[in-house]
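Read off the chains here:
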Amino acid sequence: MLQSLVTLDLSDNMLMGPIPSTLGHLTNLEYLGLASNQIDGFIPPEIGNMKYLSKLFLDNNNLDGQIPSTIGHLTNLKSLSLASNQIGGSIPQEIGNMKNLSQLFLHNNSLIGPIPSTIGNLTYLERLDLSLNQIKGSIPVEIGGLTSLFELYLDYNDLSGPIPTQIAGISSLQYLKLSHNFLSGNIIGLEALSHLLSDLSYNNLTGNIPPIFISISLNLSYNSLSGQIPDNYDQIQTSYTLIATTIYAVISWVSLPAFQPVTNQM
């Protein structure tokens, strides 16, 4: 009888123990919410049997193990949150099969390995949060294919290499956080994105500071930038004076527009 169930929401309880593999028998389920419990163990691969699932929320639990590759079978999924668990391993390549995803939250876990290039297949994705993990490697250039992206959070990882210029082609992007990584090279192209709030602090970026548009907020502190402050800095009508203390962390996301190249080499 439960096989006809469409919605199952057990969020915000005190449930313990693992997710039963028998949940995979609920093949008509469209919404599964188990968030904010004390559920442990791994995500059963049988979860890939829920072919009609559009929303899956397993965040704020004690899940470990890896993301099963069978999750790529959930091609109707629009929202996936596995955030704030203890999930390890790499993000499976099969994540790129979920082409209807609009929200993907994997932050605050123990994920390692690279960001799979197949993530560029998620052209309907609007919000992507992979922050607070141990993800390594470079940011894949395929991320420029996320033409619907509004928010991109990759901060607090172990990413290295340059910031892909393809990010500048995501005209819908408004929030970009790449701070606390090991990114290097020049900042190229981001000035083409209007209304962008970006935090690139605590990296190894070098070269000159790019021109700053009035509608852009940039946090470039704790890098190795050089050269002069851009000539159009005096066009910013409502900004703070160059910040030389850690106060930038308080105001960087509430003061628009703002420009904060702290602790660099001018």
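Residues numbered from 1 in each chain as written. Predicted model: local features only at pLDDT ≥ 70, side-chain atom pairs only at ≥ 80, totals over all residues. Heavy atoms only, no water.

A closer look at the packing of aromatic side chains
Describing an aromatic ring pair means giving the distance of the ring centres and the angle of the ring planes. Across all of its chains, the model carries 3 aromatic pairs by this definition. Aromatic pair Phe150 and Tyr175: ring centres 5.5 Å apart, planes at 65 degrees, arrangement edge-to-face. With Phe150 in the loop between β10 (136-137) and β11 (151-153) and Tyr175 in strand β13 (residues 175-177), the pair connects residues that are 25 residues apart, well separated along the chain. By relative accessible area, Phe150 is classed as partly exposed at 30%. Using a relative accessible area of 26% as the deciding quantity, one classes Tyr175 as partly exposed. The interplanar angle of 15 degrees and the centroid separation of 4.4 Å between the aromatic rings of Tyr202 and Tyr222 together place this pair among those described as stacked. In this pair, Tyr202 sits in the loop between β15 (197-199) and β16 (204-208) while Tyr222 sits in the loop between β17 (217-219) and β18 (224-226), placing the two residues 20 residues apart along the sequence. Residue Tyr202 is classed as partly exposed on the basis of its relative accessible area of 29%. (Phe/Tyr/Trp six-rings, centres within 6.5 Å; stacked < 30°, edge-to-face > 60°. Helix = DSSP H or I, 4+ residues; strand = E, 2+ residues; numbered from the N terminus. Buried < 20%, exposed > 50% of the residue type's maximum accessible area, 1.4 Å probe, protein only.)

With respect to the side chain of Asn181
For Asn181, the position within the fold is in the loop between β13 and β14 (182-185). The exposure class assigned to Asn181 is buried, which follows from its relative accessible area of 5%. Reaching out from Asn181, the side chain makes a polar contact with the backbone nitrogen of Leu159 at a distance of 3.0 Å. Contacts of Asn181, omitting those with residues within four sequence positions, involve Leu154, Asp155, Tyr156, Asn157, Asp158, Leu159, Tyr202 and Asn203. (Polar contact = N/O pair within 3.5 Å; in protein donor to acceptor, adjacent residues only side chain to side chain. Contact = heavy atoms within 4.5 Å.)

Details of the pairing of strand β12 (residues 158-161)
Alternating residues of β12 divide into Leu159 and Gly161, all buried, and Asp158 and Ser160, none buried. As defined by bridge partners, β10 adjoins β12 across 2 bridges and the pair is classed as parallel. Pairing of Gly137 across the sheet is with Leu159, part of β12. Relative to β14, β12 runs parallel, the two sharing 2 bridges. By the bridge assignment, Gly161 is partnered in β14 with Leu183. (Pairing = 2+ DSSP bridges.)

Details of unusual backbone geometry
Look at Tyr156: it is not a glycine, yet its phi comes out positive at around 60 degrees. As for its position among the elements, Tyr156 is in the loop between β11 and β12. On the accessibility criterion, Tyr156 (38% relative accessible area) is partly exposed.

Digging into the pattern of salt bridges
According to the stated counting rule, one finds 2 salt bridges in the structure shown. Among the salt bridges present, the one from Arg127 reaches Glu151, with a minimum N-O distance of 3.1 Å. With Arg127 in strand β9 (residues 127-129) and Glu151 in strand β11, this pair connects stretches of sequence that are 24 residues apart. One salt bridge connects Asp158 with Lys136, and the closest N-O pair in it is separated by 3.4 Å. Of this pair, Asp158 sits in strand β12 while Lys136 sits in strand β10, placing them 22 residues apart in sequence. According to the relative accessible area criterion, Asp158 is partly exposed, its value standing at 25%. Take Lys136: its relative accessible area is 45%, and that puts it in the partly exposed class. (Salt bridge = Lys/Arg side-chain N within 4 Å of Asp/Glu carboxyl O.)

Focus on the sheet that holds β14
With parallel pairing, 5 strands are arranged side by side in an open sheet as β10-β12-β14-β16-β18. Among the strands making up the open sheet, the edge pair consists of β10 and β18. Bridge count between β14 and β16: 2 bridges; the pairing is parallel. Its bridge partner being in β16, Gly185 is matched across the sheet by Leu205.

Observations concerning the environment of Gln66
Among the structural elements, Gln66 can be located in the loop between β6 (62-63) and β7 (79-81). For Gln66 and Ser110, which are 44 residues apart along the polypeptide, the C-alpha to C-alpha distance reads 9.6 Å. Beyond its immediate stretch of four places on either side in the chain, Gln66 contacts Ile87, Gly88 and Gly89.

What about the sheet that holds β6?
Picture the strands of a sheet paired through backbone hydrogen bonds; they go either parallel or antiparallel. Spatially, the 3 strands line up as an open sheet ordered β2-β4-β6, and their pairing is parallel. Among the strands making up the open sheet, the edge pair consists of β2 (16-17) and β6. Relative to β6, strand β4 (residues 38-41) runs parallel, the two sharing 2 bridges. Bridging from a neighbouring strand, Asp40 pairs with Asn62 of β6.

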